[in-house]
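Here is how the chains run, residue by residue.
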Amino acid sequence: MKGRRIVVSLDGAVSACENLARADEERSQEVCGQLREPRLFIIYPVDDEGRMAADFAPIIDGTLASCDRLFEILQAYLSSINIAQASRVLFVADGATWIWRRIPKLIKTLQLQDEQVQQLIDFWHAVEYLGKIADSKNLTGSKRKHR
């Protein structure tokens, strides 16, 4: 990883059982038992154009266990690839607090320097949040597009 730019993207996914739970709570307990959120991540280097590098297979993993367990797994992978040698590490996620409140500890544990690290809310979630802001202000027409 020495000198490379690495992307670490995290997310939680709504399981099929959670969708079912929203539709029919009683039936979901019969089919699913206890509902749990899959938590996932992907790690990959990018080339000079910011595209996934072709010379490194992305690392994709996840768990149905706790948020803390996901971060333990993520930390193990990042340590094993010597992430501290990367020139940049970009953490990308939605706005979920379970992710963002654990990132600073991960950065410290991996001994990453401030100048190495960038943090970004992913594009689609940012657009979703901006849309909600525009809707909440009751803006219409050109005013909505402008702001």
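Residues numbered from 1 in each chain as written. Predicted model: local features only at pLDDT ≥ 70, side-chain atom pairs only at ≥ 80, totals over all residues. Heavy atoms only, no water.

Trainee: So what exactly am I meant to see when it comes to the sheet that holds strand β5 (residues 117–121) here?
Mentor: Sheet strands line up and pair through hydrogen bonds in the backbone, either parallel or antiparallel. One open sheet accounts for five strands, arranged β3-β2-β1-β4-β5; its pairing is mixed. Looking at the sheet topology across the chains shown, the edges are occupied by β3 (59–63) and β5. Mean inter-strand twist for the sheet, computed between neighbouring axes without regard to direction, equals 15°. In the sheet, strand β1 (residues 5–12) pairs with strand β2 (residues 39–46) via eight bridges, with the strands oriented antiparallel. Its bridge partner lying in β2, L10 is registered against F41. Contacting β1, β2 and β3, helix α3 (residues 67–80) runs over the sheet at an angle of about 20° to β2. (Pairing = 2+ DSSP bridges. Helix = DSSP H or I, 4+ residues; strand = E, 2+ residues; numbered from the N terminus. Axes fitted to C-alpha atoms, helices over the stretch in contact; angles between N-to-C directions. Contact = heavy atoms within 4.5 Å.)

Trainee: Can you help me understand the nonpolar core in this one?
Mentor: Most often, soluble globular proteins keep nonpolar side chains buried together rather than apart. With 30 residues, the main nonpolar core has V8, L10, I43, L74, L78, I83 and F91 as its most contacted residues. Breaking this core down by element, the ones donating at least two residues are β1, β2, α3, β4 (88–93), α4 (97–100) and α5 (103–109). Considering every element that reaches this core, the biggest residue donor is α3, with six residues. Those residues in contact with F91 that sit more than four places away from it in its chain are V8, W100, I103, L106, I107, L112, V117, Q118, Q119 and L120. (Core = buried A, V, L, I, M, F, W, Y, C linked by side-chain atoms within 4.5 Å. Buried < 20%, exposed > 50% of the residue type's maximum accessible area, 1.4 Å probe, protein only.)

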